[in-house]
Every structure is written in C-alpha cells, then in structure tokens.
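Remarks on the overall topology
Each chain, letter by letter, is given below.
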Amino acid sequence: MRQNRSLFRRFLKVHFLFIFFPPIVLIFFSAFVGFAGSIHEEDLNTLNLFYITVLLFSFIMVAFVVLSWLFFLKLRKRLTYLQEFMSFSATNHSFPKPISVQSDRMDEIDQLGSSFNWMIQQLEDSRKRENEEESLRHRLIANLSHDLRTPLTILRGHVTRLNEESISLEGQNSLTEMNHTITRVGELMDDLLSYTLITSGKYPFHPTSTDIGRLVRASVAAWYPAFEEQAIRIDVDLPVEKTFYWEVDPKWMTRVLDNLFQNVLRHAAKGEYANIVVDIENEQIIIEDRGPGMNNSSDERGVGIGLSASKYMLKKMKLKAVFTSNKNGTRIAIGRA
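The structure reproduced in this document is the subject of the present report.

Criteria and thresholds
- Numbering of residues starts from 1 in each chain and follows the order in which that chain's sequence is written.
- Side-chain atom pairs in this predicted model are given and counted only at pLDDT of 80 or more, local residue features only at pLDDT of at least 70, and totals for whole chains, interfaces and linings cover all residues.
- Hydrogen atoms and water are omitted, and side-chain values are computed over all heavy atoms in the structure.
- A run of H or I in DSSP counts as a helix once it spans at least four residues, and a run of E counts as a strand once it spans at least two, with each numbered from the N terminus.
- For this analysis, residues touch if any pair of their heavy atoms sits within 4.5 Å.
- Here, Shrake-Rupley sampling with a 1.4 Å probe gives the accessible areas, and only protein chains in the shown set may cover a residue.
- Axis definition: a line fitted to C-alpha atoms, over the contacting stretch in the case of helices. Angles run 0 to 180 degrees between N-to-C directions.
- Oblique is the label for any angle not under 35 degrees, not over 145, and not in the 65 to 115 range, which are roughly parallel, roughly antiparallel and roughly perpendicular in turn.
- By definition, turning the near helix anticlockwise from the far helix through less than a right angle yields a left-handed crossing, and turning it clockwise yields a right-handed one.
- Gly is put with the polar residues, along with every residue not named as nonpolar or charged; the nonpolar set is Ala, Val, Leu, Ile, Met, Phe, Trp, Tyr, Cys and Pro, and the charged set is Asp, Glu, Lys and Arg.
- In this analysis, rings of Phe, Tyr and Trp, with Trp reduced to its six-membered ring, are considered paired at centre separations within 6.5 Å, and the interplanar angle assigns stacked below 30 degrees, edge-to-face beyond 60, and tilted for intermediate values.
- In this scheme, Lys NZ or Arg CZ marks a charge over a ring once it lies within 6 Å of the ring centre and within 35 degrees of the ring normal.
- Think of it this way: DSSP has to see at least two bridges between two strands before they count as a pair.
- Residues belong to one nonpolar core when they are buried, are Ala, Val, Leu, Ile, Met, Phe, Trp, Tyr or Cys, and are joined through side-chain atoms within 4.5 Å.
- Working definition: with a 1.4 Å probe on protein chains only, accessible area under 20% of the residue-type maximum means buried, over 50% means exposed, and in between means partly exposed.
- One side-chain nitrogen of Lys or Arg within 4 Å of one carboxyl oxygen of Asp or Glu is enough to make a salt bridge.
- Charge assignment in this entry is limited to Lys and Arg as positive and Asp and Glu as negative, and neither His nor the chain termini are counted.

Before going further, it helps to examine the overall build of the protein chain. A tally of regular secondary structure across the protein chain gives eight helices and seven strands. Taking the contacts inside the protein chain whose residues are at least 6 apart along the sequence as the reference set, 75% of them involve residues at least 24 apart. Split by element, the accessible area of the protein chain, about 22,400 Å² in all, is 59% carbon and sulfur.

When two helices pack together, their arrangement is captured by the angle between the axes and the distance separating the axes. Packing of helix 4 (residues 108-163) against helix 5 (residues 169-199) brings their axes to within 10 Å, and their N-to-C directions diverge by 160°. Taken together, the axes of helix 4 and helix 5 are roughly antiparallel relative to one another. Relative to helix 5, helix 4 is oriented so that their crossing is left-handed. By residue class, the composition of the contact of helix 4 with helix 5 is 14 nonpolar, nine polar and three charged.

As a further point, take the packing of aromatic side chains. Counted by the stated rule, this structure contains five aromatic pairs. Look at Phe227 and Phe261: their rings are 5.8 Å apart centre to centre, the planes differ by 80°, and that puts the pair in the edge-to-face class. Pair noted here: Phe227 is in helix 6 (residues 212-229) and Phe261 is in helix 7 (residues 250-267), with a separation of 34 residues, a long-range link. Chaining the aromatic ring pairs together yields one cluster made of Trp223, Phe227 and Phe261. Its end group placed over the ring of Tyr273, Arg290 keeps NZ or CZ at 3.9 Å from the ring centre.

With that out of the way, let us pick up the pairing of strand 6 (residues 319-326). As defined by bridge partners, strand 6 adjoins strand 7 (residues 329-336) across eight bridges and the pair is classed as antiparallel. In the sheet register, Asn326 faces strand 7, and the bridge partner there is Gly329. Between strand 6 and strand 7, which pair antiparallel one after the other, the connecting turn spans two residues.

Here the focus is the sheet that holds strand 6. Sheets are built from strands that pair by backbone hydrogen bonding, the pairs being arranged parallel or antiparallel. Pairing in this open sheet of five strands is mixed, and the strands run 2-4-5-7-6 from one edge to the other. The open sheet terminates on both sides in strands that have one partner only, identified here as strand 2 (233-237) and strand 6. On average, each strand axis in the sheet is tilted by 10° relative to the strand beside it, whichever way the strands run. Each of strand 2, strand 4 (273-279) and strand 5 (284-289) is contacted by helix 6, which is oriented at about 170° to strand 4, the strand it contacts most. Its contacts with the sheet put helix 7 on strand 4, strand 5, strand 6 and strand 7, and the angle it makes with strand 5 is roughly 15°.

A separate point is the packing of helix 6 against helix 7. One way to put it is that helix 6 packs onto helix 7 with a least axis distance of 10 Å and a crossing angle of 30°. The angle between the axes of helix 6 and helix 7 places the two elements in the roughly parallel class. Two packed elements cross with a definite hand, and for helix 6 against helix 7 that hand is right-handed. On the side of helix 6, the interface is formed by Leu215, Val216, Ser219, Val220, Trp223, Ala226 and Phe227, while helix 7 contributes Pro250, Met253, Thr254, Leu257, Asp258, Phe261, Gln262, Val264 and Leu265. Residue composition of the contact of helix 6 with helix 7, by class: twelve nonpolar, three polar and one charged.

On to unusual backbone geometry, then. The phi dihedral of Ala231 is positive, around 60°, even though this residue is not glycine. Of note in the backbone geometry, Glu283 takes a positive phi value of approximately 55° without being a glycine. Tracing the backbone shows Glu283 in the loop between strand 4 and strand 5.

Quick look at the nonpolar core now. In summary, soluble globular proteins display a tendency toward joint burial of nonpolar side chains. Among the nonpolar cores identified, the biggest contains 35 residues, and Val216, Trp246, Met253, Met317 and Ile334 are the most heavily contacted of them. Within the residue set of this core, elements represented by two or more residues are helix 6, strand 3 (245-248), helix 7, strand 4, strand 5, helix 8 (303-316) and strand 7. Looking at this core, the element that brings in the most residues is helix 7, giving eight residues. Leave out the neighbours within four places in its chain, and Trp246 touches Thr208, Ser209, Thr210, Ile212, Met253, Glu283, Ile285, Leu319, Ile334, Gly335 and Arg336.

Turning to the pattern of salt bridges, a few remarks are in order. Under the criterion given, the structure shown has four salt bridges. Put simply, Asp235 and Arg233 hold a salt bridge, and the shortest N to O gap is 3.2 Å. For Arg233, a relative accessible area of 45% translates into the label partly exposed. One salt bridge connects Glu288 with Arg331, and the closest N-O pair in it is separated by 3.6 Å. Taken together, the residues Glu288 in strand 5 and Arg331 in strand 7 connect sequence positions 43 residues apart.

Turning our eyes to something else, we now look at the side chain of Asp249. By the element assignment, Asp249 lies in the loop between strand 3 and helix 7. Within the buried core, Asp249 has no salt-bridge partner, and the shortest N-O distance to an opposite charge, that of Lys251, equals 6.7 Å. Residue contacts for Asp249: discarding those within four places in its chain leaves Pro204, Phe205, His206, Pro207, Thr208 and Met317.

The structure is reproduced here in structure tokens:
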C-alpha cells in the first residue's frame, strides 16, 4: 500500500520551522534595533535587548508547546476512535465491521485502518468457507448415516436367517459376533448423527433452572436395569433432602448422562463396579468405574463420538467435565466451567 502523506513527517516539518524561523526573525529584529540605535541613541538606553530576546523565546516555547499539544490531542482522538472501533466487536461479541478510511489523506493511522479492514475481509471470507465446509460435512454425515442403515438391515436379516440353519457351534459364535458388530455400528451411526444435529444447531436447546439431584436420580433409575443385567455393582450417593440447581437444558443434561452411563457399559463392564455421586457441597456430578481406563479400553471403540457430543453440550451449558483415567479405572467430575 502506497503512503500518500506522512503524519509524523508533517509534524516534524512544522516544528523544525519553529526551531529555525524564530532565530532568523530575531537576527533581523536585532539588526533593525541596532540600525535604529545609531539614529536614536536615547531610545536605546530605554530599550533592553535582553528582555526582548527573552520575551521572543518565551513566545516561541509557548507556541511550540501549544502546537505539540494540539497535534498529539488530535492524534490521540484518532487513535482512541480506532481503538474503540476495534474493541467494539469484542465488547459486544459480534463480528468486527470495517473502519471508514480517508483515501485522499492516507497517513499512518489510515494505513492501520486499511490493514484492519483487510484483516476483517480475510476473516469474513474464511468464516464463509468454514460455514460452507461445515454445512457440507453435516449433509455428508447425515446422508451417510441414512444410506448405511439399509445394508445393515440386510446384513442383520441374513444373520437372523443363518441362525435358523443348523450350523456348528463355531458358526453360531461367529453369527453372534456379527450381530453384535452390526448393533455397534448402528449405535455409532446414531451417535454420529446426534453429534451432527447438536453441533449444527438443529437440536433444540432450552436452558432452565434444573434440580440436578432429582435429574441424576431419575437417570440412574432408568439405567439401573442395564447395569444390573451386566452384573455391575452400583454405589450411589444421591441426597434426597439437599440439592443444587444449574441453568441447563434437562434433555441435554439427561443425554450427557446417558452417554457417560453407556460408556461405562461398553468399556468398563469388566470392572463390575460403578460409583455415582451428587456432591452437594462442591456442586458436582461424579461418575467412577473400575474398567481398563479410557486409554486401555476394549476393542469396542467409538467412545470419542459420544464424549465429543457430551463435551459440546456441557460447554454450551457452561459446564465442564474433568476426566481422570488410568489402568485402575476412570473418574469423571462434572461441574461449572
């Protein structure tokens, strides 16, 4: 970008004039007073050249200070306007808007404004591309989840038909494993589709003041038969008389708990233990198991999709989950962000 005018160069020019021009004026003034003194020697006795010089330089200094003050006042005003315009978007949580720039002046501050406008344009283009790619990815996942259901249904039909045939025990075990794998793939597609709907804003979000103790008790009661079927011993600490409230969407919070309980069944059932606590004092929900840990879980992977959806929903509700995992088990503590 070509710089048409320089703000600071103009400042230096004006001030250099105040440095060199007054001495010249003083020299001419002194010469005039000296010439007049040769004609009027009586006036020279009453005129003190020293005081005239002091007065002249005092005027020069005052003019220099006033000019500098006006210059920097104008400079500060323009910089303050620029700073307020740049910080407006951060204060109001909105996308920044371009700054008006005088192209005929185009000094250093205008150049800064032009650079800011160029940056905004680049960010806007990048955001548009990101939104387009995100929309394309969501459509692709939704279509893929829908298209894969048909072949999975066909495979399950063939597995059911083969189960009715007389085959060896090894074949029966293979069919059982195939049926189990088909079920897992279907669950993963459901998780992926749910995550896509949630992140694309198509899953309704209605936060309200929610009794967390009551919500967790209802969720544990719904999952208790599934834990019991897998022979998982459950220790619960769910106070009835005391509770606390969070500003969350009850459906979203229930879905988060469903994802976490489902992960316990999928990856920590061998530990045969789960501990669910509602910590009233610290306002936390704590879920513990004695499985192999998140980094050493079984071959039934796919835990990442459910946890990613849970983390997204918790962040949306201004909550967070702290994971502590090792070979002896996993501890998840949900609290305020």
